[in-house]
Amino acid sequence: MKSSATGTNRRYWSERQVLPAQLPKNGSLSHYFLGLMFPALIHTSTHLKGGIFGVPRFHKRESQFSIRTPCKFSFQPAYVDMYSLSRRRKILSQEKGFRYRNMASQNMEKLESNVAIIDYVQDVPLSTSYEVAMEALSSLIRQKKRGDRKGIGGKYGKLDRMRIYLKILDLEEHMAGLKIIHVAGTKGKGSTCTFCEAMLRESGFRTGLFTSPHLIDVRERFRINGVDISEDKFLSYFWNCWNRLKEHETEDLPMPPLFQFLTVLAFKIFVCEQVDVSIIEVGLGGRNDSTNVIEEPVVCGITSLGMDHTEALGNTIGQIASHKAGIFKHQIPAFTVPQVSEAMDVLQENAQELTVPLKVVEPLDSNELNGLKLSLSGNHQLSNAGLAVSLCKCWLQRTGNWEKLFQIDNKEANLPEAFLRGLSKAHIAGRAQIVPDLSSTSSSCISSEVAEASGDLIFYLDGAHSPESMEVCAEWFSSAVKENNLSSSLVSFSSHDIESINKVPGNGYMQHEKFNIQEINKISKKILLFNCMDVRDPQILLPRLVSTCASSGTFFSKAIFVPSISTYNKVTSGTSVVPSDISSKDLSWQFSLQRLWEKIVHGIDTDSLLEKSTKMDGAETLPRRQFLYEDASNCSPTDGYLACSAVIPSLPLTIKWLRHCVRENPSLRLQVLVTGSLHLVGDVLKLIRR
């Protein structure tokens, strides 16, 4: 293929691609495989210059390496199988920007066995290619659900495969240049990484942040300078990695499973985007995690440890600590927070074996914030913030930047101003996040009369799914609802107000400037919206939630148990279609959660009451009208009905029902805690943002 690119221009190309079922063994097309080709962002051979500081007061340095090799994009087609291609055909034929030439309708049915020529013009619909990428990612999921341990085959172990993947993508020699902060732990590692990213970005560095899981869109896992990577860049990097790995796929070296692919993709993105620092969150464990292909981090961190993922990491806190300590590297500094003695002993033992200087960091003193608040809510975040401060300071010292940046602020007792800004601006979705639902008002016709004609619906989102994190979630929720009930909220919005709130990250306590005395008199109902994976133990999670809330004087009026929309074996985007068929949904797990709830809260044995079929459909399964208004004294089962808990077969149906309730009653404020599953939290966010 010929290119007319000159100079340093970057542009999207339209190319004609032949899609044969069986290509000739000779001729110019012999290097192509069956598949679809998408436009790629072409980087020329120009050597780009990048600076570690990214701020005017410092001299920029030459990049340590040319990005020409790892960031060269080719026109290789994106490979899909016959079944996928047949499905794509129906999608592509309906999208603008795709034109099929010289193909009669009867020949369309023979696409899999004949040559079809597709023109790709410059305005290829981004949504189409993005959804195809999501399906390609979904094909990399080997497990049907969390906890499955199906091997992928081949003769190489996980980390050996990862090293081969990096070599295929020409990334091996560039890993050290990423200047990595590597963070493992049970609780708070995502928050710690987010704090690190914000502080270093505020200090003038170009940052790359890789976290997991994502809540709505996979691009959330890859942040450049605090912003999710754009769709067009994601697609360029994605298809480049996909095609090159697909070229080298063999029986001994299969395509990487999902998380391994996303990990090498993160390294690819950060190398090509020439970030100054990469903050990498461990996926699962540490020692055998895909991210542990990192051989030369600048510094490592271990957040609070607890009992989670025991099916993979062991049944004792010591075994879990051993996995987490696996990210330690010889003589590389490491930091951790105070741990229980069994865990701390293991961490220190592993550190001594590798001559790792391991320091224990105390929680950040709120007095050090100079009157500011952490952007992430909850007292537990002081521990994560303290660890992040130590990691960032060590990173700056080891890269020779601490004195250059903060020689004026270099007093041990004070945090640099850039750190304070980062700690007060960092945001992460689905962790102690408050989101008011604005559906009761219309953005096209907002008035005080309309706003005051409906009640409040506020979602408190926290993806807690371990016993320890559930306790932290309960403490945060209890504190947040009390503060919220003392202030007014969600009245008389203008369209600008709504737009601003939708853009606010939403961690912490939502503040509003507009007040109405009627808000003080609203009736507040605390609702639990809960689901968890069946590999979790709800007999530990739910009692911990209830008892911790009760100790703070917080009690749930009602509990609703609902299945998540997301499935473990499917990668979706923010625009993916929400399934509407609920007629065959198996709700046995949700009914078991309800039985447990009734036993914990009311001491009621509901086994005989709930022996009915767990197949439910339609509005018949919605709670009756008075459900929200019945008090606890009426929660004994009568006529086969539970007045304080319900199972609803569909999350969209649940959200719709809650919205209807507040629209119907202007004096009602529903404070809905969504917890137990990050999948559930992500699904709720997706629905209320639509």
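The structure presented is a predicted model; accordingly, all values stated were derived computationally and were not measured.

Enquirer: Explain the side chain of Ser191 here, please?
Expert: Of note, Ser191 is situated in helix H5 (residues 189–202). Not counting the four nearest positions on each side in its chain, Ser191 is found in contact with Leu376, Gln381, Asn384 and Ile428.

Enquirer: Please clarify how the environment of Leu593 should be interpreted in this entry.
Expert: Positionally, Leu593 belongs in helix H18 (residues 588–602). Measuring from C-alpha to C-alpha, the distance between Leu593 and Leu542 comes to 8.8 Å, with 51 residues separating the pair along the chain. Discounting chain neighbours no more than four positions away, the residues touching Leu593 are Phe530, Asn531, Cys532, Pro538, Leu542 and Phe561.

Enquirer: Honestly, the sheet that holds strand S12 (residues 433–436) in this entry has me stumped. Any pointers?
Expert: Either a parallel or an antiparallel arrangement is found when strands of a sheet pair, and the pairing is made through backbone hydrogen bonds. A sheet is described by the order of its strands in space; here six strands give the open sequence S12-S13-S17-S14-S15-S16, paired in mixed fashion. Of all the strands in the sheet, the pair left with one neighbour each is S12 and strand S16 (645–647). Direction aside, neighbouring strands of the sheet carry axes that sit 20° apart on average. Where strand S14 (residues 523–530) meets strand S15 (residues 558–561), four bridges bridge the pair, whose relative direction is parallel. The residue of S15 that forms the bridge with Leu529 is Ile560. Against the sheet, H18 engages S14, S15 and S16, with an angle of about 175° to S16.

Enquirer: Before we go on, may I ask you to explain the environment of Ile269 in this structure?
Expert: In this structure, Ile269 sits in helix H7 (residues 258–272). Put simply, Ile269 and Phe238 are 31 residues apart on the chain and 9.0 Å apart in space, counted from C-alpha to C-alpha. Among all residues touching Ile269, those that are not within four sequence positions of it are Phe222, Ile224, Ile229 and Tyr237.

Enquirer: What exactly am I supposed to notice about the packing of aromatic side chains here?
Expert: Taken as a whole and judged by the stated rule, the model has 21 aromatic pairs. Residues Phe406 and Phe419 carry aromatic rings whose centres are separated by 5.7 Å and whose planes lie at 80° to one another, so their mutual orientation is edge-to-face. In this pair, Phe406 is assigned in helix H12 (residues 402–406) and Phe419 in helix H13 (residues 417–425), connecting sequence segments 13 residues apart. With respect to class, Phe406 is no different from Phe419; both count as buried. A network of ring pairs unites the aromatic residues Tyr130, Phe210, Phe222, Phe234, Phe238, Trp239, Trp242, Phe259 and Phe261 as a single cluster.

Enquirer: Help me out: how do you make sense of helix H6 (residues 231–247) in this one?
Expert: Given 3.6 residues per helical turn, the α-helix brings residues three or four places apart onto the same face. In this model, H6 (17 residues) spans 24 Å end to end at C-alpha, consistent with the 24 Å of a helix rising 1.5 Å per residue. The buried count for H6 comes to 12 of 17 residues, which makes it a mostly enclosed element. All of the buried residues along H6 are Phe234, Leu235, Ser236, Tyr237, Phe238, Trp239, Asn240, Cys241, Trp242, Asn243, Arg244 and Leu245.

Enquirer: Looking at this structure, how should I read the pattern of salt bridges?
Expert: Side chains carrying opposite charge are able to pair once their charged atoms draw close together. Inspection of every chain in the model, using the stated rule, returns 15 salt bridges. For the salt bridge of Arg163 with Asp160, the shortest nitrogen-to-oxygen distance reads 3.2 Å. Note that Arg163 and Asp160 are positioned in helix H4 (residues 158–168) at a spacing of three residues, about one turn of the helix. Using a relative accessible area of 30% as the deciding quantity, one classes Arg163 as partly exposed.

Enquirer: What is the right way to read the packing of H6 against H7 from this model?
Expert: Helices that pack against each other are described as a pair by the angle of their axes relative to one another and the distance between those axes. The N-to-C vectors of H6 and H7 enclose an angle of 120°; their axes lie 10 Å apart at closest approach. Considered as vectors, H6 and H7 are oriented oblique to each other. Regarding H6 and H7, the two cross each other, and that crossing is right-handed. Between H6 and H7, the contacting residues are Phe234, Tyr237, Phe238, Asn240, Cys241, Trp242, Arg244 and Leu245 on the first element and Phe261, Val264, Leu265, Lys268, Ile269 and Cys272 on the second.

Enquirer: Just to check I follow, could you spell out a negative patch on the surface for this structure?
Expert: A cluster of acidic side chains, namely Glu342, Asp345, Glu349 and Glu353, defines a negative patch on the protein surface. Along the chain, the position of Glu349 falls in helix H10 (residues 341–353). Looking at Glu349, the relative accessible area reads 46%, which means it is partly exposed.

Enquirer: Just checking my understanding: could you explain the nonpolar core for this structure?
Expert: The tendency in soluble globular proteins is for nonpolar side chains to be buried side by side. By size, the foremost hydrophobic cluster in this structure holds 49 residues, and its most contacted members are Leu137, Phe234, Phe238, Phe261, Leu265 and Phe267. Broken down by secondary-structure element, the contributors of at least two residues to this core are helix H3 (126–138), H4, strand S6 (222–224), H6 and H7. No other element matches the 11 residues that H7 contributes to this core. When sequence neighbours within four positions are dropped, the list of residues in contact with Leu137 reads Val218, Phe234, Phe238, Leu258, Phe261, Leu262 and Val571. Within the second largest apolar cluster, 40 residues are counted, among which are Met199, Ile279, Leu387 and Ile428.

Enquirer: What am I meant to see in unusual backbone geometry here?
Expert: Glycine aside, residues mostly have negative phi, and peptide bonds are mostly found in the trans state. With an omega of -5°, the peptide bond running from Ser212 to Pro213 counts as cis. In this structure, Pro213 sits in the loop between strand S5 (207–210) and S6. Its identity as a non-glycine residue notwithstanding, Asn225 has a phi of 50°, on the positive side. With respect to the helices and strands, the residue Asn225 is situated in the loop between S6 and strand S7 (227–228). Here the phi dihedral of Asn370 falls at roughly 55°; this positive angle occurs in a residue that is not glycine. Among the secondary structure elements, Asn370 is positioned in the loop between strand S11 (358–360) and helix H11 (381–398).

Enquirer: Teacher, can you tell me more about the confidence of the model for the protein chain here?
Expert: Per-residue pLDDT for the protein chain averages 76, and the proportion of residues at 70 or more is 67%. Confidence drops under pLDDT 50 across residues 488–505; counting only partners more than four residues distant or on other chains, this segment forms 45 contacts. Low pLDDT, under 50, characterises residues 509–515; the stretch is placed with 22 contacts to residues that sit more than four places away or in other chains.

The rules behind these values
- Residues numbered from 1 in each chain as written.
- Predicted model: local features only at pLDDT ≥ 70, side-chain atom pairs only at ≥ 80, totals over all residues.
- Heavy atoms only, no water.
- Helix = DSSP H or I, 4+ residues; strand = E, 2+ residues; numbered from the N terminus.
- Contact = heavy atoms within 4.5 Å.
- Pairing = 2+ DSSP bridges.
- Axes fitted to C-alpha atoms, helices over the stretch in contact; angles between N-to-C directions.
- Phe/Tyr/Trp six-rings, centres within 6.5 Å; stacked < 30°, edge-to-face > 60°.
- Buried < 20%, exposed > 50% of the residue type's maximum accessible area, 1.4 Å probe, protein only.
- Expected span 1.5 Å × (residues − 1).
- Salt bridge = Lys/Arg side-chain N within 4 Å of Asp/Glu carboxyl O.
- Parallel < 35°, antiparallel > 145°, perpendicular 65-115°, else oblique.
- Left-handed = near helix turned anticlockwise from the far one by under 90°.
- Patch = residues over 30% accessible without salt bridge, like charges linked within 9 Å, V, L, I, M, F, W, Y side chains within 5 Å.
- Areas by Shrake-Rupley, 256 points an atom, 1.4 Å probe, with all protein chains shown as cover.
- Lys, Arg positive; Asp, Glu negative; His and termini not counted.
- Charge placed at Lys NZ, Arg CZ, Asp CG, Glu CD.
- Core = buried A, V, L, I, M, F, W, Y, C linked by side-chain atoms within 4.5 Å.
- pLDDT = per-residue confidence, 0-100.

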